[in-house]
2 protein chains.
Amino acid sequence: MAVSVPKGFLMAGVHCRIKRDRRKHDLSLVVSETPASAAGVYTQNLVYAAPVALDRSRTPSDRIRAVAICSGVANACTGERGLRDAEEMARLAAVACGAEPDQALVLSTGVIGSFLPMDKIGQGISAAAVKLGRSETSLVAAARGMLTTDTIYKVAHRTLTIDGVEIQVTGMAKGAAMMGPNMATMLGLILTDAAIAPQVAQASLSTATQESFNCMSVDGHMSTNDTVLLLANGAAGGKPLAGEGLATFQKALTEVCVDLAKAIAGDGEGATHLITIEVGGCASRETSQEIARTVANSPLVKTALHGADPNWGRIVSAAGYAGVPFDPNGVTLRLNGFLLYQHGTPVEFNGQEVSTSIRDHRDTLIQLDFSEGSASSRFWTADLTAEYVRLNADYHT
Amino acid sequence: MAVSVPKGFLMAGVHCRIKRDRRKHDLSLVVSETPASAAGVYTQNLVYAAPVALDRSRTPSDRIRAVAICSGVANACTGERGLRDAEEMARLAAVACGAEPDQALVLSTGVIGSFLPMDKIGQGISAAAVKLGRSETSLVAAARGMLTTDTIYKVAHRTLTIDGVEIQVTGMAKGAAMMGPNMATMLGLILTDAAIAPQVAQASLSTATQESFNCMSVDGHMSTNDTVLLLANGAAGGKPLAGEGLATFQKALTEVCVDLAKAIAGDGEGATHLITIEVGGCASRETSQEIARTVANSPLVKTALHGADPNWGRIVSAAGYAGVPFDPNGVTLRLNGFLLYQHGTPVEFNGQEVSTSIRDHRDTLIQLDFSEGSASSRFWTADLTAEYVRLNADYHT
């Protein structure tokens, strides 16, 4: 589908020699023609990167004009100098679009413990500033500028009409978790031309993230740089969203985030399967999510599915150590729709048939049901392959 | 070193056709000539196997005479029939040594969801009963009978003298976590000819396990069958242990368990490194252990070390999401003795030199220090290799 850029936004992605491969973009600049409401959701890691510290201190905001993104260096574990570099990077981006130094946010991903090459970043921001555009080509260039070991760029888009006003919601993201050699991070940037008050934008983004990026993992290693930003510049016109209109927007925002989260999990390093885990019949959404996360992060479950092995014992036993109380005799498991385990008892099934269904489909569906209540949740992850090990065991220091 | 069997114990290991490979033992029988105090520590998995249910109900005890062990089938997720099979297996072992049906315990490891081949197990117990011996050969045969995908059998031994009485503590164990294709479990059996009251034995085993098997992981997947048993038959003579004598015994018992835990981690499936993680300067032993466990279970840390990559960012960031509060500026990291990160700041180091030290040693030492207090702990794990993925992705259903 065609992905369009919301009104009032301009963007570009360029190569500024942070990455060795000159064909790869490593710096993106996104500009709002008018001050935008900005919200952010950040890593919970105690060891968080300088860009996270800066953006945290500037969101929510009602006056953000630019976001500068660099890939290749995470600016994490870089102390005071890292904070000064992040501020300077933001200042350069703001100046490039005629805004005040503090009207910009920054995103960085890449090597931990290295300082930003400020000269290259300055040149990159200047180069991007003269290339700013609103075409899908500009969007894709910006989306490519945030990638590290991702194999494909990730964008998602929804168009909706609220009170007769057409609104665009467009998101871009990059690889989840700490996937590459020394690489950190999942980054997400959602743009909309809807009018939303900063605090409302913050609440909407938090809700959408809870249903999407927080329901996704690749290797379970929480990075130092995880950040999702939402910019809403109101360029579409109309009153600030509230009530029913806000609910409509929330639904679209969540859908965009879910699309991006699934794209990230499906592009997990070395992944050959996008695994969706649906957990139902739980006492609370939190417990259902904890079980789903535990199953998703089990190397044995991930390797079994990579091997197209309907190894249900690994799935049921992973649920068993999630730290969530449940009746083992109430557990039912389906894999790609095949019933393998019912009310705590093994079910006769055709292993070859189930194996073939796993091997022949990139999408794999695990459905776990319990007898504790009616709460449920979904979680996405990738399988664990020898390629993941190879990519992450390569010597890069 | 020579490993001797404590007085009053007899054992054997045989092949009874549970495993396809006729060269592999799959059934072991351990007998105490007199009723022994028996203690057990079991998996915390909600989905626990039938043998765990049976042993739990029979320990602590003052009258155990036999332990029957089978490998190849875990008797997990097998419902009522699984419980009956476990009881029958125990009965056969008890009868084989002239004891009452309820004077035996059982250990099983292997495929989840399959029922025990009771005919083969009956024949195996009979075959083992006529082979019972007290030589090191018998000990090794019994230790081999509990293996699944382990590449080497694991035994440990200490001799100590308490009040002039020589006491033997001898342990055997098998592969940690859920390591093999469909295989479950870490199993441990510790034998001693010391005289110990059941409740005291239970307390001693719990303490030793806390310092050893609970400080070790391979893939972080808690199995349905994990069990460690301690049998103390008092054949060495002397009064039941108490006070200083008990403390001396506790030290030896913990040492035996640590030897076995390290052997298990070092023999992790596909492992090329035994990784020891020492975490210090924490507010409590629990928090230090939580940080160590989180670092140990990070696929990125495990793959980096497999690749001899001194990728300290992965280690520091893993500590950051352990859920334990600490001052990031108080973190110091050493890898194989090399200082890589000090008080939250990167340290210049020779990457090639550190990489070579990792590549050239099977033992790898991670030392993380914090500024929160004086509590510390150790944790052992294995690296993550493509071989681990290959072994676990192979189709086996």
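Residues numbered from 1 in each chain as written. Chains lettered and ligands numbered in written order. Predicted model: local features only at pLDDT ≥ 70, side-chain atom pairs only at ≥ 80, totals over all residues. Heavy atoms only, no water.

(A) Looking closely at the relation of the copies chain B and chain A. Once chain B is rotated about the relating axis by 180 degrees and shifted along it by 0.0 Å, it coincides with chain A to within an RMSD of 0.0 Å. Accordingly, the operation relating the two chain copies is best matched by a two-fold axis. In terms of C-alpha distance to the rotation axis, chain B has Ala386 of chain B as its closest residue, with the C-alpha 2.2 Å off the axis. A shared binding surface is used by both copies, with 100% of the interface residues of chain B retained as interface residues in chain A. (Least-squares fit on C-alpha atoms with pLDDT ≥ 70 in both. Contact = heavy atoms within 4.5 Å.)

(B) Region of the structure containing the side chain of Asn225 of chain A. When you line up the elements, Asn225 of chain A lands in the loop between β8 (216-217) and β9 (227-232). In this structure the side chain of Asn225 of chain A is engaged in a polar contact, spanning 2.7 Å, whose partner is the backbone oxygen of Ala74 of chain A. (Helix = DSSP H or I, 4+ residues; strand = E, 2+ residues; numbered from the N terminus. Polar contact = N/O pair within 3.5 Å; in protein donor to acceptor, adjacent residues only side chain to side chain.)

(C) Inspection of the pairing of strand β9 (residues 274-282) of chain B at higher detail. Residues and elements named next belong to chain B. When you tally the buried positions in β9, you get 8 out of 9 residues, the bulk of the element. Two elements, β9 and strand β14 (residues 375-382), share 7 bridges in a ladder whose sense is antiparallel. Bridged to Val279 within β14 is Ser377. (Buried < 20%, exposed > 50% of the residue type's maximum accessible area, 1.4 Å probe, protein only. Pairing = 2+ DSSP bridges.)

(D) View of the sheet that holds β8 of chain A. Residue and element names in this part refer to chain A. If you walk across this open sheet you meet the 7 strands as β8-β15-β10-β14-β11-β12-β13, and the pairing is mixed. Looking along the sheet, the strands with just one partner apiece sit at the ends: β8 and β13 (345-346). Lying on the sheet, helix α8 (residues 299-306) is in contact with β10 (274-282), β11 (332-335), β14 (363-369) and β15 (375-382); it crosses β14 at an angle near 135 degrees. (Axes fitted to C-alpha atoms, helices over the stretch in contact; angles between N-to-C directions.)

(E) Molecular detail of the interface of chain B and chain A. At the junction of the two partners, chain B supplies 57 residues and chain A supplies 58 residues. Buried surface at the junction of chain B and chain A, both sides included, amounts to about 4,200 Å², of which 64% is carbon and sulfur. Linking chain B with chain A are 0 salt bridges. Viewed at the interface, chain A and chain B are joined by 4 residue pairs in polar contact (both at pLDDT 80 or more). For the side of chain B that touches chain A, the secondary structure elements donating two or more residues are α8 (299-306), α9 (312-320), α10 (351-360) and α11 (386-393) of chain B. (Buried area = accessible area lost by both parts, 1.4 Å probe. Salt bridge = Lys/Arg side-chain N within 4 Å of Asp/Glu carboxyl O.)

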